[in-house]
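# Residue-level structural notes
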Amino acid sequence: MLAELFAVMAPVLAGAGLGYLWVRLGHPYPVDFITRLVFNIGTPSLVLASLAGADIDATTFGQTMLAAALVIITMGAATFVVAKVLRRSWRVLLAPMMYPNTGNMGLPVVLYAFGSAGFAYGITVMVTVSLFQFTLGAVLNSQGNPLKTLAKTPTVYAIAISMALLLTGTSLPSWLANTVDLMSGFTVPLMLITLGVSLASIHVKNLRSGLGFSLVRVPLAAGVAWLIAGWVGLPPLAQSILVLQMCMPVAVFNYLFAQRAQREPVYVASLVFCSTLLALFYLPVLLALLM
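Here the residue numbering is sequential within each chain, running from 1 through the sequence in written order. The predicted origin of the model limits local features to residues at a pLDDT of at least 70 and limits the giving and counting of side-chain atom pairs to 80 or more, whereas totals for whole chains, interfaces and linings rest on all residues. Only hydrogens and water are set aside; all other atoms, that is, all heavy atoms of the structure, feed into the side-chain values.

As recorded in an unreviewed UniProt entry, the chain goes by the name AEC family transporter, listed as coming from Halomonas alkaliantarctica. Its UniProt record gives the chain the following Sequence similarities (unreviewed entry) comment, quoted word for word: "Belongs to the auxin efflux carrier (TC 2.A.69) family." UniProt positions are given in the numbering used here, feature names are shortened, and annotations may be inferred rather than shown by experiment.

Dropping the structure here:
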């Protein structure tokens, strides 16, 4: 079991570690360019490549999205209680509570732990989190009309096309499937490297509060995800992946949003850093229970 867990975590650690060392050694890394590349080309390609040919029916896909959405909403509601316990503003804690790192950390872990059979579920959860983060998150951070945000998000169109293919039982043409598969190949490695770069670029203070937040959020997210998955009626594999994805560390994008809105970015940085560091210890335990 230990060898299997190490095989799952090793690529994640290697990718993030590479990005971390790259920046620490003084090499330049175009974060803005890579982020745009991943979100505008890599992620839509990954969604199409994973969902279009996935062995998942439209009903289960919809149920997984519904379950993920309910978990996100429940975690948002729980923020008010957690904020009182930690004596912090709910506005600061809302995004870290709702949006785990289901992308550049969650997807690789799901891929290496559950293979292609579970990867479609991991993508589904990641897509749901992203939709909330870049619509509701944009509204809460005064970033303009969420409908315009959706219209400018290529992943939304990839989801719509994937749903149409799932509902009709249609496959992509071979030339397009091969192209999308090729383009999706760089996404996960770049996600991991960018995660390491982002962590190396964050200046962290108040580690104790960051660890305290993680110790509250992770068990809460696991319990909520497990209960909602059972209530919605997800199959065991989808249930395990929903729990795993919602227990991922705080997404790096939460720090970027906090920086832009000037809502205690230093504190949010500590949440990102500490939750990611703590994940190295609790994820192997969680994987041992779920695999």
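## A short note on the overall build of the chain
Each helix is a run of DSSP H or I of at least 4 residues and each strand a run of E of at least 2, with the numbering of both proceeding from the N terminus. Across its full length, the chain carries 13 helices and zero strands. In the chain, the succession of α and β elements from N to C terminus is α-α-α-α-α-α-α-α-α-α-α-α-α. Taking all 291 residues of the chain together, 52% fall into the buried category. Whether two residues are in contact is decided by their heavy atoms: any pair within 4.5 Å suffices. Taking as baseline every contact in the chain between residues at least 6 positions apart, the subset at least 24 positions apart corresponds to 83%. Only carbon and sulfur atoms are counted for the fraction: they give 69% of the accessible area of the chain, which is about 13,300 Å². A 1.4 Å probe rolled over the protein chains alone gives each residue an accessible area, and that area as a share of the maximum for its type sets the label: buried under 20%, exposed over 50%, partly exposed in between. Values of accessible area rely on a 1.4 Å probe in the Shrake-Rupley scheme; residue burial ignores everything except the protein chains shown.

## Section: a nonpolar patch on the surface
Without a salt bridge and with relative accessible area above 30%, a residue can belong to a patch; like charges are then joined within 9 Å and nonpolar side chains (Val, Leu, Ile, Met, Phe, Trp, Tyr) within 5 Å. The rule for a salt bridge is simple: a side-chain nitrogen of Lys or Arg has to be within 4 Å of a carboxyl oxygen of Asp or Glu. Taken together, Leu 13, Leu 277, Leu 280 and Phe 281 make up a surface patch of nonpolar side chains, about 380 Å² in accessible area. Looking at the nonpolar patch, the element that brings in the most residues is helix H13 (residues 265–290), giving three residues. Tracing the chain through its elements places Leu 277 in helix H13. Among the residues examined, Leu 277 registers a relative accessible area of 42% and is labelled partly exposed.

## Considering the environment of Leu 66
By the secondary structure assignment, Leu 66 is in helix H3 (residues 58–86). Assessed through its relative accessible area of 45%, Leu 66 is described here as partly exposed. Sequence-wise, Leu 66 and Thr 124 are 58 residues apart; in three dimensions their C-alpha atoms are separated by 10.0 Å.

## What to know about the packing of helix H10 (residues 207–232) against helix H11 (residues 236–246)
Contact pair H10 / H11: the axes reach a minimum separation of 8 Å and the direction vectors enclose 155 degrees. Judged by the inter-axis angle, H10 sits roughly antiparallel to H11. Of the two possible hands of crossing, H10 and H11 adopt the one that is right-handed. Of H11, the residues touching H10 (which contributes Arg 217, Ala 221, Ala 222, Ala 225, Trp 226, Ala 229 and Gly 230) are Gln 239, Leu 242, Val 243 and Met 246. Note on geometry: axes are lines fitted to C-alpha atoms, helical ones only across the stretch in contact, with angles between N-to-C directions running from 0 to 180 degrees. Just so you know how the angles are binned, under 35 degrees is roughly parallel, over 145 roughly antiparallel, 65 to 115 roughly perpendicular, and the rest oblique. Handedness of each helix crossing follows the sense of rotation of the near helix against the far helix: counterclockwise by less than a right angle gives left-handed, clockwise gives right-handed.

## Observations concerning the packing of aromatic side chains
Pairs of aromatic rings are described using the distance from one ring centre to the other and the angle between the two planes. To pair, rings of Phe, Tyr and Trp, with the six-membered ring standing in for Trp, must have centres within 6.5 Å; the planes then decide the type, stacked if under 30 degrees apart, edge-to-face if over 60, and tilted in the middle. If you walk through the whole model with that rule in mind, you get one aromatic pair. A centroid spacing of 5.1 Å and a plane angle of 40 degrees characterise the contact between Phe 80 and Trp 90, whose relative ring orientation is tilted. Of this pair, Phe 80 sits in helix H3 while Trp 90 sits in helix H4 (residues 90–98), and the two are 10 residues apart along the sequence. Looking at Phe 80, the relative accessible area reads 41%, which means it is partly exposed.

## Section: the packing of H3 against H4
Between H3 and H4, the least distance of the axes is 8 Å, while the angle of their chain directions is 135 degrees. The angle between H3 and H4 falls in the class oblique. Here H3 runs over H4; the crossing is right-handed. Together, Ile 72, Met 75, Gly 76, Ala 78, Thr 79, Phe 80, Val 82, Ala 83 and Leu 86 of H3 and Trp 90, Leu 93, Leu 94, Met 97 and Met 98 of H4 make up the contact between the two elements. Only Asp, Glu, Lys and Arg are considered charged in this grouping, and only Ala, Val, Leu, Ile, Met, Phe, Trp, Tyr, Cys and Pro are considered nonpolar; every other residue, Gly among them, is considered polar. Split by residue class, the contact of H3 with H4 holds 12 nonpolar, two polar and no charged.

## Remarks on unusual backbone geometry
Even without being glycine, Arg 87 reaches a positive phi, approximately 60 degrees. Residue classification places Arg 87 among the exposed residues on the basis of a relative accessible area of 76%.

## Quick word on the environment of Phe 213
Inspection of the secondary structure puts Phe 213 in helix H10. Taking the C-alpha atoms as reference points, Phe 213 and Ser 270, 57 residues apart in sequence, are found 9.7 Å from one another. Among residues more than four places away in sequence, those in contact with Phe 213 are Leu 86, Leu 93, Pro 96, Met 97, Val 250, Tyr 267 and Leu 271.

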